[in-house]
Amino acid sequence: QVELVESGGGSVQPGGSLRLSCSVSGSVFSVGVNAWYRQTPGKQREFVASMSRDGNPRYADFVKGRFTISRDNAKNTVYLQMNSLKPEDTAVYYCAAGPFSYSMDYWGKGTLVTVSS
């Protein structure tokens, strides 16, 4: 119904930057919230950032001031600009979407971000 495809992951040094992209297709009219989550092996998936239909962003405390979520409606693409990256940011990052913030019904397959020297 809704297809999400992430891109932009890779390997960077501490202090570097990356921009992740999420292409959204299908029944996009059903999407009320776009979000980014991340997961490290052995840990639960955690919330990173989200944006509601009206454009209001929300962030996890550990990324405030460093990450920015944005959306290009014309391109049906959601972005996550990641600055001042730290080794602890290393994870698989997932794009998610759903009608409400508490109901993420659609997920991408993830893109790996590795931060190391």
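S.K.: Would you mind showing me how to read unusual backbone geometry here?
M.R.: Excluding glycine, most residues fall at negative phi; most peptide bonds, likewise, are trans. One non-glycine residue with positive phi stands out, namely Asn-76, at about 50°. Turning to its location among the elements, Asn-76 is positioned in the loop between β7 (67–72) and β8 (77–82). The backbone of Ser-84 sits at a positive phi, close to 50°, despite the residue not being glycine. Of note, Ser-84 is situated in the loop between β8 and β9 (91–98).

S.K.: How should the nonpolar core be read in this particular structure?
M.R.: What tends to happen in soluble globular proteins is that the nonpolar side chains get buried as a cluster. Within the largest apolar cluster, 27 residues are counted, with the highest numbers of intra-cluster contacts made by Leu-4, Trp-36, Val-48, Phe-67, Leu-80, Met-82 and Tyr-93. Those residues within four positions of Phe-67 in sequence are excluded, and the remaining contacts are Arg-38, Val-48, Tyr-59, Leu-80, Gln-81, Met-82, Asn-83, Leu-85, Asp-89 and Tyr-93.

S.K.: Can you help me understand the state of the cysteines in this one?
M.R.: As used here, a disulfide is simply a covalent bond connecting the sulfur atoms of two cysteines. For the structure on display, the rule yields one disulfide. Put simply, Cys-22 and Cys-95 are joined by a disulfide, and their sulfur atoms are 2.0 Å apart. Taking the sign of the S-S torsion, about -80° here, the bridge from Cys-22 to Cys-95 comes out left-handed. Highlighted residues: Cys-22 in strand β3 (residues 18–26) and Cys-95 in strand β9, separated in sequence by 73 residues.

S.K.: So what exactly am I meant to see when it comes to the layout of surface pockets here?
M.R.: Over the atoms rolls a probe the size of a water molecule, and its path tells where empty space is left. The computed volume of the largest pocket comes to approximately 210 Å³. Lining the largest pocket are 15 residues, and of these Val-28, Asn-34, Arg-71, Asn-73 and Asn-76 lie nearest its centre. Breaking the lining of the largest pocket down by element, the ones donating at least two residues are β4 (33–39), β5 (46–52), β7 and β8. In the lining of the largest pocket, the residues fall into six nonpolar, six polar and three charged.

Criteria and thresholds
- Residues numbered from 1 in each chain as written.
- Predicted model: local features only at pLDDT ≥ 70, side-chain atom pairs only at ≥ 80, totals over all residues.
- Heavy atoms only, no water.
- Helix = DSSP H or I, 4+ residues; strand = E, 2+ residues; numbered from the N terminus.
- Core = buried A, V, L, I, M, F, W, Y, C linked by side-chain atoms within 4.5 Å.
- Buried < 20%, exposed > 50% of the residue type's maximum accessible area, 1.4 Å probe, protein only.
- Contact = heavy atoms within 4.5 Å.
- Disulfide = S-S within 2.5 Å.
- 1 Å grid on protein atoms, 1.4 Å probe; cavity = no way out; pocket = protein on both sides within 12 Å on 5 of 7 lines; lining within 4 Å.
- Points joined across faces, edges and corners; volume = space filled by probe spheres on them.
- Nonpolar A, V, L, I, M, F, W, Y, C, P; charged D, E, K, R; others polar.

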